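Chain by chain, the residues:
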Amino acid sequence: MAKYVMEFSKTGTICYTSHLDVMRMFKRIFKRAGIPLAYSQGFNPHPKMGFAQPLSLGYEATEEYIEFETQTDWDPNELYERVKAIMADGIDMKYCKPLNENIHKSLSALTEAALYTVSVPLNGQTVDDPQKLADDYLAQEKIITLKKQKKKKEQKEVDIKGMIRRLNFSAKGDTLTMRMLLDQGSTSNLSPELVIATVLPFAGLDTDRSEISVTRDKIIFVDGVEI
Amino acid sequence: MVIDKQLDKILKKVEKPARYIGGEVNSVKKDLKDVKVRVGFAFPDMYEIGMSYMGLQILYNILNKTEGVYCERVFAPATDMEDIMRAEGRELFTLETFTPVKEMDILGFTLQYEMSFTNILNMLDLGAIPVKSADRGEEYPVIVAGGPCAYNPEPLAHFIDMFMVGDGEELFPQIALLKAECSTKQEFLQRCAELDGIYVPSFYDVTYNEDGTIKEYVKLYDKAPDRVKRAVIQSLDDAEFPTENIVPFIDTVHDRCVVETFRGCTRGCRFCQAGMIYRPVRERKPETIKGIVKEQLANTGHDELSLLSLSTSDYSRFEDLAMELMGMCKAQNVALSLPSLRLDSFSFKVLDEIQGYRKSGLTFAPEAGSQRLRDIINKNITEENIYSAVEQAIELGWETIKLYFMDGLPGETYEDLEGIAQIAKNIIDINFKIRGRKGGRFRVTVSVSNFVPKAHTPFQWAAQDRPEVLKEKHNFLSERLRMKGVTFNYHETATSNLEAIIARGDRRVGDMIYRAWQLGCKFDAWTEHHKNELWQQAMEETGATLDFYAYRERSYDEILPWEIIDPRIERSFFERENEKAKAGETTHDCRLGCVGCGMNKHVKCFHGADESRLQKIGKEVSSG
Ligand code: SF4
């Protein structure tokens, strides 16, 4: 048994597939590539593989990770070549390497933050000083919004301020670009959707959500961990 | 694939946008420079339904293997998508290249069930294509349609330029290539009309008698055939079958490898259209099947395999094939599913092995509750067959038994319905006997569907029960099936009556469909979308009455609208079978000897089968 990690990006129409869709696709790709994965034990065995973090439907991503365990040892480059050769358009495999031996948790358990770029077309609206907008927004005492709760109908009020690690706004042409470093992972997790939903009214912008695009640029693991 | 801003915006607003993006593994990309004919293959329902239908994959594969032809897929957008498309002025497009469907040379619809017909009109309209053939000039694609419902094409005659009836493997590529040779639509339709399997409605005029029945068909084009012979391929083994199936991103109804083992059926159930129109039996060889399985698994990465036919265990070399496939699947962690097995000891061995401790329900389709009525419909299954299979099943650990019946069958009485309840009760008792007083979590599900008389069957002349009669029967059954451990389901009567109008409708029924669509009917196969009041209104306004189309028994003298199609089964066979039904006589399975349906005047029956075993299986089936 051996553990590997592959990096990939996701761009174009394939972004309209969900986390589970991509998961299922990878599972099939490994089968087609003739790479037998290790299976979990129990009544309902499933192949040992997983993403560092689920990616929301509709988002692009530049630096995603999938970790998996094979039944036998492989040359990582061979794994990379085989998967790359049959991967669906829009998912670009970057490399494959053995997972750092000192890692005993899943990559998802090691994730603590993620960096996103959000592009907002202004459609003629103006933002005079984008960075000041970001600073003013963060300078609010609380940033309250409604959040969906798991398995419940009613939404819950939350203060997301503490989960925003950094905000950098810039404007070029007719587009406002918001870069945001947000808590991500099992302990504290903030979706860019909640930031978008609170920044726009704060800035007095009325761009429709369907015109806004979101890219996850980077997943950040807990301090010092080398995968 | 990069898409335009407008579509991108639309996709951000809809549910399950992956239904509309194409680009799945094994979907076909072609350089348009090399393409002479572009075909849109349209399935008039949602992506998840259409992608589970093997016929689409078969023809997609064959057309795309034809040089110069590019086949792209089109599905009915869900209502949320449709609303936004209409609001934004976005026309219906193909999934392969996002090209508007009106730019195709041929747009073909597959007709799997009558309740999808309004979706066809809606899809044409969403594609900015005039719905009626008469309103379409040369600038629009030729609209074609095929599939089982094309065996009664008349209700769609106003909307479809040309029907393809019968096996499509040879016919569809042939007409696609012909398209490239023709400079006008008329020329194309005329040349196609000379081929077996092609029906061009505009080449015929229909006149009616005063009582509303058909007087005659008048040919408007000399060379059009008097009756359109359905297309038949002789060798299924030589017919191309896909090995690079498209693998959807999203969950679909069936998401698995599928191989068709044989086509056709020998049993001769008198209500069953599929059992008639796919005759004769033609088998694919075991080596071919195994080869396809191997390649499909390698090319898709699926972890489930299923076999396609009208009755899995009627394949002449079924036992050997099942054993080998079981071995192949086990070695690759693939689940094997074998639908509609005849439950003999071999099948139990197989099922026990492939389902292990995760046993799904066992299914029986006695169709009628008494031997008398089963003889009338020629359904060859006895209660002893069922009970002995149920006993074995319970002993092997099955806990769910599903029973399928029909009500409203010709000659049905309340005693036959009582018989349905009795069968359910006997099965519950068998379980008590084996498992003791408590009986475990054992369940029997009884599903009853309303008989809909279908074209090209011995019951094509029969009257359908009126809704009040069906409702009374349902009430009776609900009452009698109120037993512990039994669940009873039945179908909506209004939908069955509507299905009956369309299934045996003539051209005038097309007006009703058109009006219903105008009133807003679509996705009629989905209970949540089906709008019965609107259909009632459409019937009233267009004069299509249930009395005439659904509840009326036809006489043998009448010209039936679907007889413009020659299924290659003789009318005398249908009449004979209908008379035998009235006399309560059965007709044996034609593996035991030809019963003279007429098919063998055109093709060889049982092509590819191991004939020595056919007899044996036929005998086993007959003796239970
Ligand atoms: S011709 Fe005879 S053997 Fe062939 S399908 Fe008809 S009844 Fe069966």
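Just so we're clear, the structure is a prediction, and the values are computed from it rather than from any experiment.

Things to note about the interface of chain A and chain B
At the junction of the two partners, chain A supplies 24 residues and chain B supplies 32 residues. Regarding the contact of chain A and chain B, the summed buried area is about 2,200 Å², with carbon and sulfur atoms giving 53% of it. Joining chain A to chain B, the criterion identifies three salt bridges. Of the charged contacts, one joins D303 of chain B and K27 of chain A as a salt bridge, the two residues approaching to 3.5 Å between their closest N and O atoms. Applying the counting criterion to the chain A and chain B interface returns seven residue pairs in polar contact (both at pLDDT 80 or more). Per element, the largest residue contribution to the side of chain A that touches chain B is seven residues, and it comes from helix α1 (residues 19-32) of chain A. Of the residues contributing to the side of chain A that touches chain B, the split by class is eight nonpolar, six polar and ten charged.

Focus on the packing of helix α9 (residues 286-300) of chain B against helix α10 (residues 318-331) of chain B
Residue and element names in this part refer to chain B. Running from amino to carboxyl end, α9 crosses α10 at an angle of 20 degrees, the nearest separation of the two axes being 11 Å. Looking at the two axes, α9 sits roughly parallel to α10. When the axes of α9 and α10 are compared, the crossing they make is right-handed. Here P286, I289, K290, V293 and K294 of α9 lie close against α10, whose contacting residues are L321, E324, L325 and M328.

A few points about the pattern of salt bridges
All names here are of chain B. Evaluated as defined, the whole model comprises 69 salt bridges over all chains. The salt bridge partner of E577 is R270, with a shortest N-O separation of 2.8 Å. Residue E577 is located in helix α20 (residues 571-582), and its partner R270 is located in the loop between β11 (262-263) and α8 (274-277); the two are separated by 307 residues in the primary sequence. Per residue, the accessibility class of E577 equals that of R270, and both read buried. D589 is the salt-bridge partner of R591, the closest N and O atoms lying 2.7 Å from each other.

Thoughts on the confidence of the model for chain B
For chain B, mean pLDDT is 94; residues scoring 70 or higher make up 98% of the total. At the level of chain-chain contacts, confidence expressed as ipTM amounts to 0.91, with global pTM at 0.94.

Some points on the pairing of strand β3 (residues 106-110) of chain B
Residues and elements named next belong to chain B. Within β3, five of the five residues are buried, leaving the element largely enclosed by the surrounding structure. Going residue by residue along β3, you find I106, G108 and T110 tucked away on one face and L107 and F109 tucked away on the opposite face as well. Each parallel crossover has a hand, and for β3 linked through helix α5 (residues 117-126) to strand β4 (residues 142-146) it is right-handed.

Thoughts on the side chain of R73 of chain B
Mapped onto the secondary structure, R73 of chain B falls in strand β2 (residues 69-75). Classification of R73 of chain B as buried rests on a relative accessible area of 0%.

Some details on the domain arrangement of chain A
All names here are of chain A. Each assigned domain of chain A is listed with its residue range as follows: domain 1 (2-99) and domain 2 (111-224). Relative placement of domain 1 and domain 2: their C-alpha centres are 28 Å apart. The largest share of the area that domain 1 buries against domain 2 comes from Q53, Y59 and E63, three residues that together contribute 54% of it. Where domain 1 touches domain 2, the interface holds two salt bridges. Note that E64 is salt-bridged to R216, the shortest N-O span being 2.7 Å. At the surface where domain 1 touches domain 2, the tally comes to nine residue pairs in polar contact (both at pLDDT 80 or more). Considering only residue class, the side of domain 1 that touches domain 2 consists of six nonpolar, two polar and three charged.

Examining the site of the ligand
Around the ligand, the neighbouring residues are R279, C590, C594, V595, G596, C597, M599, N600, C605 and F606 of chain B. Classifying every residue of the shell around the ligand gives seven nonpolar, two polar and one charged.

Here's the deal with unusual backbone geometry
Residues and elements named next belong to chain B. Between R279 and the following residue, P280, the backbone shows a cis peptide bond with an omega angle of -10 degrees. Here S340, not a glycine, exhibits a phi torsion of approximately 40 degrees, which is positive. Along the polypeptide, S340 turns up in the loop between β14 (335-337) and α11 (345-355). What makes S340 partly exposed here is its relative accessible area of 44%.

Some words on the environment of T542 of chain B
All names here are of chain B. With respect to the helices, strands and loops of the structure, T542 is situated in helix α18 (residues 532-542). We classify T542 as partly exposed; its relative accessible area is 29%. Counting along the chain gives 29 residues from T542 to I513, while the straight-line C-alpha distance between them is 9.4 Å. Excluding anything up to four places from it in sequence, T542 contacts D511, M512 and R515.

Remarks on the packing of aromatic side chains
All told, the structure shown has 28 aromatic pairs over all chains when counted by the stated rule. Aromatic pair F26 of chain A and F30 of chain A: ring centres 6.4 Å apart, planes at 40 degrees, arrangement tilted. Here F30 of chain A and F26 of chain A lie together in helix α1, a separation of four residues that amounts to about one turn. Summarising the burial analysis for this pair, F26 of chain A and F30 of chain A share the class buried. Ring plane angle 70 degrees and centroid distance 5.2 Å describe the contact between Y47 of chain B and F75 of chain B, whose orientation is recorded as edge-to-face. One end of the pair, Y47 of chain B, is in helix α2 (residues 47-50); the other, F75 of chain B, is in strand β2, and 28 residues separate them in sequence.

Quick word on α18 of chain B
All names here are of chain B. Of the positions making up α18, those classed as buried are L534, W535, A538 and M539. Buried residues along α18 cover an arc of 140 degrees about the axis, so they all sit on one side. For α18, exposure combined with an orientation more than 90 degrees from the buried face picks out E533 and E540. In this structure, the buried side of α18 is in contact with α5, α16 (493-503), α17 (509-519) and α19 (546-549). Following α18 by one or two positions, G543 has its phi on the positive side, about 75 degrees.

Re the sheet that holds strand β13 (residues 304-308) of chain B
Residue and element names in this part refer to chain B. Strand order in the open sheet formed by three strands is β10-β13-β14, with parallel pairing between adjacent strands. Of all the strands in the sheet, the pair left with one neighbour each is β10 (257-260) and β14. The sheet shows a mean angle of 20 degrees between the axes of neighbouring strands, direction not considered. With four bridges connecting them, β10 and β13 associate as parallel partners. For V259, the partnering residue across the bridge sits in β13 and is L307. Packed onto the sheet, α9 meets β10 and β13 and runs at close to 160 degrees relative to β10.

Points about the domain arrangement of chain B
Residues and elements named next belong to chain B. Assigned domains of chain B: these are domain 1 (5-229) and domain 2 (257-506 + 576-622). Once you take the C-alpha centre of each, domain 1 and domain 2 turn out to be 32 Å apart. Taken together, the contacts link 16 residues of domain 1 with 23 residues of domain 2. The junction of domain 1 with domain 2 conceals about 1,600 Å² of combined surface from both sides, 56% of it contributed by carbon and sulfur atoms. The interface formed by domain 1 and domain 2 contains four salt bridges. For R282, the salt bridge identified is with D167, shortest N-O distance 2.8 Å. Counting across the interface, domain 1 meets domain 2 through nine residue pairs in polar contact (both at pLDDT 80 or more).

Quick notes on α20 of chain B
It helps to recall that an α-helix has 3.6 residues per turn; residues three or four apart then point in one direction. Residue and element names in this part refer to chain B. A rise of 1.5 Å per residue sets the reference length of α20, with its twelve residues, at 16 Å; its end C-alpha atoms lie 17 Å apart and thus fit the reference within 8%. When we look at burial in α20, the residues that qualify are F573, F574, E577, N578 and A581. In a view along the axis of α20, the buried residues occupy a sector of 135 degrees, so they form one face of it. Turning to α20, the residues buried within the fold contact α8 and α12 (371-377). G584 lies just past α20 and shows a positive phi near 70 degrees.

So, how was this worked out
- Residues numbered from 1 in each chain as written.
- Chains lettered and ligands numbered in written order.
- Predicted model: local features only at pLDDT ≥ 70, side-chain atom pairs only at ≥ 80, totals over all residues.
- Heavy atoms only, no water.
- Contact = heavy atoms within 4.5 Å.
- Buried area = accessible area lost by both parts, 1.4 Å probe.
- Salt bridge = Lys/Arg side-chain N within 4 Å of Asp/Glu carboxyl O.
- Polar contact = N/O pair within 3.5 Å; in protein donor to acceptor, adjacent residues only side chain to side chain.
- Helix = DSSP H or I, 4+ residues; strand = E, 2+ residues; numbered from the N terminus.
- Nonpolar A, V, L, I, M, F, W, Y, C, P; charged D, E, K, R; others polar.
- Axes fitted to C-alpha atoms, helices over the stretch in contact; angles between N-to-C directions.
- Parallel < 35°, antiparallel > 145°, perpendicular 65-115°, else oblique.
- Left-handed = near helix turned anticlockwise from the far one by under 90°.
- Buried < 20%, exposed > 50% of the residue type's maximum accessible area, 1.4 Å probe, protein only.
- pLDDT = per-residue confidence, 0-100.
- Right-handed = clockwise from strand over helix to strand, strands pointing away.
- Domains from an automatic or database assignment.
- Near = heavy atom within 4 Å.
- Phe/Tyr/Trp six-rings, centres within 6.5 Å; stacked < 30°, edge-to-face > 60°.
- Arc of directions from axis to C-beta.
- Pairing = 2+ DSSP bridges.
- Expected span 1.5 Å × (residues − 1).

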